[in-house]
Amino acid sequence: MHALNAHHMPHFSIRLALASIAAITLFGCATRSPMTDIPEPVPPPVKPQPVTAQYEAQAWSSLPGWTGSGLLAAWPAWLESCKVLEKQSAWTQACRDAKALSPKTELDVRSYFEANFKPWQISSSEPSGTKGLITGYYEPMLTGSRSNSKGRFPLYAVPDDLLTIDLGNLYPDLKNMRLRGRLVGNKVVPYWSRADIEEGKAPLNSKVLAWIDDPVELFFLQIQGSGRIKLEDGKMLRVGYADQNGHPYKSIGKWLIEQGELKASEASMQGIQAWASSHPERLKELLNTNPSYVFFRELPKQTGGPLGALGVPLTDAVSVAVDRRYVPLGAPLFLSSTWPNDDSRPLQRMVIAQDTGGAIRGPVRLDYFWGFGPEAGLLAGRMKQKGEVWMIWPNNAPPPSSSAINP
């Protein structure tokens, strides 16, 4: 749910895996000098170092804005997280204490967290260090119909031929990684790309949940990961992420910048929509630069925000999507950033890690959930800020580490 987000677990592209094998094979072949015909030594391929996270314990007083961080607004979201976390030993006592507390003031909440937790600043092994990227996402409203007519575009459910292989069952180091593809004969091959699906190569006609009026809004629905569709009979359909085709997400905003069509400052969601509106003849070319394709499921009627990856409803301006390799789902965090398009206005508050996203990769990388509707969309589409993040970690748990987060 994206600032681009698609709510699913990280995946490996089969095509990328095959390309890597081919590259290793290529580097393993010795070359010959045209002068001597003597094989020259070939250095082994350089294996890229995996990105790691560092966690540094800090005092509460070091968190900028901690004493005015809107803790009371985050409390209901924290209680939602506890419905899942209380089953994990590291969080059990803190969640029991939270359920027994009925805070009336910011001080009540602050005292609870300071008594039960300690802040650990997160940094990346990448050059960015403690400074990461903070984007935004929201729940959009679309219009459509249950029936097809000219000028409408299909919103697909998960196709029957999509295979999902949990790599963590075979390789513990690949926990939370999934491989997606389809079966041809007795071989697993990459699933159809966006271009393939749009051209009708995939057998998906019977899997349409609804028909959407605007193809660009449908594309951004796939990035956000959830949304509401106002049907022509006035009824409301709520949909959420179900699965993905296994191809890596590629930013259409970045592609427009590389093509010289937009400046970096113009490549917001609104800027991309405006470009698409003025270049309808290039719309297919633009959208197909992102081979990733998201499939949806119909959600039951409910109040509040959409369900995140944690399985609880998201809370406006509190819930965030994280990379679960470095931040455990459900954990409270403290964010120090700035408002969209306004680096002079601090955005410093407690947030709760309740979602994931395909584009959310790295230790200091958050996608901030702004809520539902056009106003939330404006904020989400413009948000691309730098920020620092502290993990609020239980006192009675071992220090945070990759093994503690993903035991």
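Before reading further, recall that the structure is shown in the block above.
Residues numbered from 1 in each chain as written. Predicted model: local features only at pLDDT ≥ 70, side-chain atom pairs only at ≥ 80, totals over all residues. Heavy atoms only, no water.

S.K.: I tried to follow the overall build of the protein on my own but got confused; where do I start?
M.R.: Within the protein, the regular secondary structure consists of eleven helices and 20 strands. Considering the protein as a whole, with its 407 residues, one finds that 48% of them fall into the buried category. For the protein, the computed accessible surface area is about 19,800 Å², with 56% contributed by carbon and sulfur atoms. (Helix = DSSP H or I, 4+ residues; strand = E, 2+ residues; numbered from the N terminus. Buried < 20%, exposed > 50% of the residue type's maximum accessible area, 1.4 Å probe, protein only. Areas by Shrake-Rupley, 256 points an atom, 1.4 Å probe, with all protein chains shown as cover.)

S.K.: Explanation requested: the side chain of serine 319 in the structure shown.
M.R.: With respect to the secondary-structure elements, serine 319 resides in strand β16 (residues 319–321). By relative accessible area, serine 319 is classed as buried at 0%. Within the structure, the side chain of serine 319 is placed 2.8 Å from the backbone nitrogen of threonine 315, a separation counted as a polar contact. Among the polar contacts made by the side chain of serine 319, one reaches the side chain of glutamine 354 at a distance of 2.6 Å. (Polar contact = N/O pair within 3.5 Å; in protein donor to acceptor, adjacent residues only side chain to side chain.)

S.K.: What's the story with the state of the cysteines in this structure? I'm lost.
M.R.: Simply put, the disulfide is a covalent bond whose two ends are the sulfur atoms of two cysteines. Counted by the stated rule, this structure contains one disulfide. The residue that forms a disulfide with cysteine 82 is cysteine 95, at a sulfur-sulfur distance of 2.3 Å. Between cysteine 82 and cysteine 95 the sulfur-sulfur dihedral comes to about -80 degrees; the bridge is accordingly left-handed. Within this pair, whereas cysteine 82 is found in helix α2 (residues 71–85), its partner cysteine 95 is found in helix α3 (residues 89–99), the two being separated by 13 residues in sequence. In this pair, the class of cysteine 82 matches that of cysteine 95, namely buried. (Disulfide = S-S within 2.5 Å.)

S.K.: Would you mind showing me how to read unusual backbone geometry here?
M.R.: Leave glycine aside and you will find that most residues have negative phi; peptide bonds, for their part, are mostly trans. Unusually for a residue other than glycine, alanine 317 sits at a positive phi of about 60 degrees. Relative to the assigned elements, alanine 317 resides in the loop between β15 (294–298) and β16. Even without a glycine there, the phi angle at asparagine 341 is positive, about 60 degrees. Within the secondary structure layout, asparagine 341 lies in the loop between β17 (332–339) and β18 (342–355).

S.K.: Just checking my understanding: could you explain the nonpolar core for this structure?
M.R.: As a rule of thumb, nonpolar side chains are buried together in soluble globular proteins. Residues Trp78, Phe113, Phe117, Leu286, Leu333 and Leu366 are the most contacted members of the largest nonpolar core, which totals 71 residues. Broken down by element, the residue count for this core peaks at seven residues, all from α2. Counting residues in each nonpolar core, the second largest holds 15 residues, with Leu155, Ala210, Ile212 and Val239 among its members. (Core = buried A, V, L, I, M, F, W, Y, C linked by side-chain atoms within 4.5 Å.)

S.K.: How should the packing of aromatic side chains be read in this particular structure?
M.R.: Where two aromatic rings form a pair, the distance of their centres and the angle of their planes describe that pair. Within this structure, the stated rule accounts for 20 aromatic pairs. The interplanar angle of 50 degrees and the centroid separation of 5.3 Å between the aromatic rings of tryptophan 339 and tryptophan 370 together place this pair among those described as tilted. One end of the pair, tryptophan 339, is in strand β17; the other, tryptophan 370, is in strand β19 (residues 365–372), and 31 residues separate them in sequence. With respect to burial, tryptophan 339 and tryptophan 370 carry one shared label: buried. By the ring-pair criterion, three or more aromatic residues cluster together here, those being Trp75, Trp78, Trp91, Tyr112, Phe113, Phe117 and Trp393. Here the basic side chain of arginine 182 rests over the ring of tryptophan 192, its NZ or CZ set 3.6 Å away from the ring centre. Looking at arginine 228, its charged tip hangs above the ring of phenylalanine 372, at a distance of 3.8 Å from the centre. (Phe/Tyr/Trp six-rings, centres within 6.5 Å; stacked < 30°, edge-to-face > 60°. Lys NZ or Arg CZ within 6 Å of the ring centre and 35° of its normal.)

S.K.: What's the story with helix α8 (residues 269–278) in this structure? I'm lost.
M.R.: Note: α-helices contain 3.6 residues per turn, so residues at a spacing of three or four share the same orientation. Among all positions in α8, only Met269, Gly271, Ile272, Trp275 and Ala276 are buried. For α8, the angular spread of the buried residues around the axis is 165 degrees, confining them to a single face. Where α8 is buried, its residues contact β6 (132–139), α6 (215–224), α7 (252–258), α9 (283–287) and α10 (374–382). (Arc of directions from axis to C-beta. Contact = heavy atoms within 4.5 Å.)

S.K.: So what exactly am I meant to see when it comes to a nonpolar patch on the surface here?
M.R.: Taken together, the side chains of Met141, Met236 and Phe372 present a nonpolar region at the surface, about 240 Å² in accessible area. Residue placement: methionine 141 occurs in strand β7 (residues 141–145). (Patch = residues over 30% accessible without salt bridge, like charges linked within 9 Å, V, L, I, M, F, W, Y side chains within 5 Å. Salt bridge = Lys/Arg side-chain N within 4 Å of Asp/Glu carboxyl O.)

S.K.: Explanation requested: the pairing of strand β14 (residues 236–244) in the structure shown.
M.R.: Regular strands place their side chains on alternate faces of the sheet. Of all the nine residues making up β14, seven are buried; the element is thus mostly covered by neighbouring parts of the structure. In this sheet, β14 lies alongside strand β13 (residues 226–231) in antiparallel orientation, the contact comprising five bridges. By the bridge assignment, glycine 227 is partnered in β14 with valine 239. Two successive antiparallel strands, β13 and β14, enclose a turn made up of four residues, where glycine 234 displays a positive phi of approximately 90 degrees. (Pairing = 2+ DSSP bridges.)

S.K.: It is not clear to me how the sheet that holds strand β12 (residues 208–212) should be interpreted in this structure. Could you clarify?
M.R.: Each strand in a sheet pairs with another by means of backbone hydrogen bonds, the pair being arranged parallel or else antiparallel. With respect to topology, six strands assemble into an open sheet ordered β8-β12-β7-β13-β14-β15, the strand pairing being mixed. Edge positions in the sheet fall to β8 (153–156) and β15, since each has one partner strand and no second. Averaged over neighbouring strand pairs, the angle between their axes works out to 45 degrees when direction is ignored. Pairing of β14 with β15 involves five bridges; the strand directions are antiparallel. Residue pairing in the sheet places glycine 240 in a bridge with arginine 297 of β15. Contacts between α6 and the sheet are confined to β7, β8, β12, β13, β14 and β15, with β8 contributing the most and set at about 15 degrees to the helix. (Axes fitted to C-alpha atoms, helices over the stretch in contact; angles between N-to-C directions.)

S.K.: Quick question: what am I supposed to make of the packing of α2 against α3 here?
M.R.: Working note: a packed helix pair is described by the angle between its axes plus the distance between those axes. Their axes nearest at 10 Å, the elements α2 and α3 cross at an angle of 135 degrees. Classified by the angle their axes make, α2 and α3 are oblique. Once α2 is placed against α3, the crossing between them reads as left-handed. Residues Trp75, Trp78, Leu79, Cys82 and Leu85 of α2 pack against Trp91, Thr92, Cys95, Ala98 and Lys99 of α3. Class assignment of the residues belonging to the contact of α2 with α3 gives a composition of eight nonpolar, one polar and one charged. (Parallel < 35°, antiparallel > 145°, perpendicular 65-115°, else oblique. Left-handed = near helix turned anticlockwise from the far one by under 90°. Nonpolar A, V, L, I, M, F, W, Y, C, P; charged D, E, K, R; others polar.)

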